[in-house]
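So the chains spell out like this:
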Amino acid sequence: MLKKETLKFIKDVASHNNREWFAENKSKYEDARQDVLNMVAALIPELAKVDPLISADTDPKKSLMRIYRDVRFSKNKDPYKNNFGIWFSAKGKGGNGPGYYLHIQPGNSFIAGGYWMPDAPDLKLIRQEIDYNINDFEEIINDKNFKSNFKLGTSNALKNAPKGYDPSDPNIEYLKLKSFEATMKLDDEEFFKSELVNKLISSFATVQPLVAFLRNAIEQ
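As a convention, each chain's residues are numbered from 1 in the sequence order in which they are written. In view of the model being predicted, local features appear only for residues whose pLDDT reaches at least 70, and side-chain atom pairs are presented and counted only at 80 or more, with totals across whole chains, interfaces and linings using the full set of residues. Side-chain measures here rest on the full set of heavy atoms in the structure, leaving out hydrogens and waters.

Enquirer: Help me out: how do you make sense of the overall build of the protein in this one?
Expert: Counting its secondary structure elements, the protein contains nine helices and five strands. Across its three principal directions, the C-alpha atoms of the protein cover 60 × 40 × 30 Å. Note on classification: 1.4 Å probe, protein chains only; a residue is buried when its accessible area is under 20% of the maximum for its type, exposed when over 50%, partly exposed between these limits. Of all 220 residues assigned to the protein, the portion counted as buried reaches 46%. Contacts spanning at least 24 positions in sequence make up 64% of the contacts within the protein whose residues lie at least 6 apart. With residues, only the protein chains shown are counted as cover, and all accessible areas are computed by Shrake-Rupley using a 1.4 Å probe. Here the protein displays about 12200 Å² of accessible surface, and carbon together with sulfur accounts for 48% of that area. Of the charged side chains in the protein, 32 are positive and 31 negative; the average position of the first set lies 6 Å away from that of the second. In DSSP terms, a helix is any run of H or I states spanning at least four residues, a strand is any run of E spanning at least two, and both are numbered starting from the N terminus. Only heavy atoms enter the contact rule, under which two residues are in contact if any of them lie within 4.5 Å. Note that His is not counted, nor are the chain ends; the positive residues are Lys and Arg, and the negative ones are Asp and Glu. Taken as the charge centre is NZ of Lys, CZ of Arg, CG of Asp or CD of Glu, depending on the residue.

What follows is the structure, encoded as structure tokens:
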């Protein structure tokens, strides 16, 4: 479980997103960060039981993303993120790939699993895997537990059929996707319950078959 002060700090960052305020409240940031790291430390060995390609010895600091924003190429010049992002992948912290994500942001927290915006070579392999093994893919996303908890994202999709695929293909909507992630919303109150770790691990276990399918597509 997390402390209520941790979510309050994130909320305060959104209201006071400047370096002066952050410097004055650096100790609160360190407390919130450590609170999240303690939760991540409890999650990792349990997630490793769900997905054996996740190392149980992963350093929690490698999963927790930086709160500092890279504003060099952004119109939004706020120096800090208004969330804590936690990423679990067999590849570790560096690089994109299939994995699990936890987003902690008051009023907008969620769990996700999949592969966000794969590069062109991986995207080609994933589409090929879906085309060749559509029954396996649909079995995963149509699973009763999956459908009642997770939603497959469709906002990142082509308007037309990708090159090499028939627009009349019955599975063309899946093949149009440019990103393959499923998300589940989390209420703020969930973070304050003693069963938080069990709740998160159960959710990651539900989305694990999708992660495994995508991982198999690019690694075979």
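Text resumes after the structure shown.
Enquirer: Looking at this structure, how should I read the pairing of strand β5 (residues 180-186)?
Expert: In summary, the side chains of a regular strand alternate between the two faces of the sheet. Extensive coverage of β5 is indicated by the burial of five of its seven residues. Relative to β5, strand β3 (residues 109-115) runs antiparallel, the two sharing seven bridges. When the sheet's bridge partners are listed, Y115 is paired in β5 with F180. Only when DSSP finds a minimum of two bridges between them are two strands counted as paired. Here two bridges tie strand β4 (residues 151-152) to β5, and the two strands are oriented antiparallel to one another.

Enquirer: Whenever I open this one, the nonpolar core confuses me. Can you help?
Expert: What tends to happen in soluble globular proteins is that the nonpolar side chains get buried as a cluster. By size, the foremost hydrophobic cluster in this structure holds 60 residues, and its most contacted members are M39, L102 and I104. Sorting elements by how many residues they give to this core places helix α9 (residues 196-219) first, with twelve residues. Setting aside residues no more than four positions away along its own chain, I104 makes contact with L2, L7, I10, V36, M39, N83, F84, I86, S109 and F191. Side-chain atoms within 4.5 Å are what join buried Ala, Val, Leu, Ile, Met, Phe, Trp, Tyr and Cys residues into a set we call a nonpolar core.

Enquirer: Is there a simple way to think about unusual backbone geometry in this case?
Expert: Residues other than glycine predominantly adopt negative phi, and peptide bonds predominantly adopt the trans conformation. Unlike most non-glycine residues, M117 shows phi in positive territory, near 45 degrees. The topology assignment puts M117 in the loop between β3 and α5 (120-132).

Enquirer: Just to check I follow, could you spell out the pattern of salt bridges for this structure?
Expert: We count a salt bridge whenever a side-chain nitrogen from Lys or Arg sits within 4 Å of a carboxyl oxygen from Asp or Glu. Counted under the stated rule, the structure contains six salt bridges. Residues D70 and R72 are paired through a salt bridge, measuring 2.6 Å at the closest nitrogen-oxygen approach. Judged by relative accessible area, which is 61%, R72 ranks as exposed. Among the ionic pairs, E190 bridges to K193, the shortest N-O distance being 3.8 Å. For E190, a relative accessible area of 17% corresponds to the buried category.

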